Amino acid sequence: MPTTRRPARLILAALALTFMLASAVSAQLYRWTDAQGETHFGQGSESVPERYRDRSSAIGAVDAPAPPSGPALAEVVGGVTRIAFTPGRPIMVTVRINGRGLAQLMLDTGADATMVSPTALMGLGVSYRDAPRIQLQGVTGSSSAYAVILESLEVGGARVGPLRVVSYESETRRPGSQGLLGRDFLNHFRVTIDNARGIVELSPR
C-alpha cells in the first residue's frame, strides 16, 4: 500500500504545481505593437494574436495589487482632505478606485488628465470592454492608450465619479507610481499646496 500512495501524492502535487504555474502565466499583462504601429494590451499570452507573439512582452501581473507602500491614506479634517508629502519630492497620493482597491498616483497639476497604468486597473477588475483607443502625442512620437470610465476615484474625502481616465503603461513612469493624478480630478476642488508644512489640501468648491 505505501508504495502506491506515494506516487499518487507526487502526481497530485505535480498537477497542483502545473495549475499554479499556468495561473501565474495567465495573470500576466502583455503588450504588443501591430502592423500599423498601434500598441495593444491583453491579459495572458493567448490574448496576443499569433502573428504578433514574437514581438509581445509581459509587462506585469494583473492580480489585485498589494496596498501601496508609500503615503498613508489622506486624512479628512473639517471636510478638507489633507495629504502629507516631503517637500522637494514628488507628491505621491494614495487613491481608492471604484470604492474598492488602492493605487498610488503622483499628483501633477500640469497634467490635463489622470493616468492609471493598465496593470493597476486590470488588477482591480476594471473593464476595458467599451474603452475606446486614443492616441497620445509626446516629444518622442505617438502612443496608443485607452480611455477608461471609472465609477469613482477618491482621495480621502475628495471623490469624483464617474471619471474618464487615460490608461497607458508608460516606460518612463516613476518607480512606485501607478500613474498621475491630473487636473480632471483636481479641478473639482480648491487645491492648496503648502511646501513649508508639507501638506496638500483639497477643499470643496
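Residues numbered from 1 in each chain as written. Predicted model: local features only at pLDDT ≥ 70, side-chain atom pairs only at ≥ 80, totals over all residues. Heavy atoms only, no water.

Student: Please give an account of the overall build of the protein that cites residues and values.
Tutor: Helix and strand content of the protein: three helices and 16 strands. For the protein, with 205 residues in total, the buried portion stands at 40%. Considering only contacts in the protein between residues 6 or more positions apart, those separated by 24 or more positions represent 57%. Total accessible area on the protein stands at roughly 11800 Å², and carbon and sulfur atoms take up 53% of it. (Helix = DSSP H or I, 4+ residues; strand = E, 2+ residues; numbered from the N terminus. Buried < 20%, exposed > 50% of the residue type's maximum accessible area, 1.4 Å probe, protein only. Contact = heavy atoms within 4.5 Å. Areas by Shrake-Rupley, 256 points an atom, 1.4 Å probe, with all protein chains shown as cover.)

Student: Talk me through the environment of Pro-204; I want residue IDs and the actual numbers.
Tutor: Summarising the element assignment, Pro-204 is placed in strand β16 (residues 199-204). Here Pro-204 falls in the partly exposed class, since its relative accessible area comes to 48%. Spatially, the C-alpha atoms of Pro-204 and Val-80 are 7.3 Å apart, while their sequence positions differ by 124 residues. Excluding residues that lie within four positions of it along the chain, Pro-204 makes contacts with Gly-79 and Arg-190.

Student: Tell me about the packing of aromatic side chains, and please be specific about residues and values.
Tutor: All told, the structure shown has one aromatic pair when counted by the stated rule. Aromatic side chains Phe-185 and Phe-189 sit 5.3 Å apart centroid to centroid with 45° between the ring planes, which places their arrangement in the tilted category. A single burial state applies to Phe-185 and to Phe-189, both of which are buried. (Phe/Tyr/Trp six-rings, centres within 6.5 Å; stacked < 30°, edge-to-face > 60°.)

Student: Lay out the sheet that holds strand β4 (residues 75-77) with the relevant residues and their values.
Tutor: In spatial order, the strands read β4-β5-β16-β15; together these four strands make up an open sheet with antiparallel pairing. What marks the edges here is a single partner per strand, and that holds for β4 and β15 (189-194). Adjacent strand axes in the sheet meet at a mean angle of 25°, parallel and antiparallel pairs treated alike. Strand direction decides the pairing type here: strand β5 (residues 80-84) and β16, joined by four bridges, are antiparallel. Bridge assignment links Ile-83 to a residue of β16, and that residue is Val-200. (Pairing = 2+ DSSP bridges. Axes fitted to C-alpha atoms, helices over the stretch in contact; angles between N-to-C directions.)

Student: Before we move on, can you summarise the pairing of strand β7 (residues 101-107) with the specific residues and values?
Tutor: Where a strand is regular, its side chains alternate between the two sheet faces. Along β7, six of the seven residues are buried, which leaves the element largely enclosed by surrounding structure. Relative to β7, strand β6 (residues 92-97) runs antiparallel, the two sharing six bridges. Looking at the pairing, Thr-94 lines up with Gln-104 of β7. Counted between consecutive antiparallel strands, the loop separating β6 from β7 contains three residues, among which Asn-98 sits at a positive phi close to 55°. Judged from the two bridges that link them, β7 and strand β14 (residues 179-181) form a sheet pairing that is parallel. In the strand pairing of β14, Met-106 is matched with Leu-180.

Student: Tell me about the nonpolar core, residues and numbers included.
Tutor: Counting residues in hydrophobic clusters, the biggest one holds 34 residues, and the most contacted among them are Ile-97, Leu-121, Val-148, Val-155, Phe-185 and Leu-202. Apart from residues no more than four positions distant in its own chain, Val-155 is found in contact with Ala-74, Thr-81, Ile-83, Val-93, Thr-94, Val-95, Leu-181, Phe-185 and Leu-202. (Core = buried A, V, L, I, M, F, W, Y, C linked by side-chain atoms within 4.5 Å.)

Student: An account of unusual backbone geometry is requested, with residue identities and associated values reported.
Tutor: Geometrically, the link from Gly-161 to Pro-162 is a cis peptide bond, its omega value of -5° lying close to zero. In this fold, Pro-162 is placed in the loop between β12 (158-160) and β13 (163-167). Residues other than glycine seldom take positive phi values, yet Asn-98 does so here, at roughly 55°.

Student: Pulling in residues and values, what's your account of the pattern of salt bridges?
Tutor: All chains considered together, the criterion is met by three salt bridges. In this structure, Arg-82 and Glu-201 form a salt bridge, with 3.1 Å as the shortest nitrogen-oxygen distance. Of this pair, Arg-82 sits in strand β5 while Glu-201 sits in strand β16, placing them 119 residues apart in sequence. Of the residues examined, Arg-82 reaches a relative accessible area of 27% and is grouped as partly exposed. Overall, the relative accessible area of 17% leaves Glu-201 in the buried class. (Salt bridge = Lys/Arg side-chain N within 4 Å of Asp/Glu carboxyl O.)

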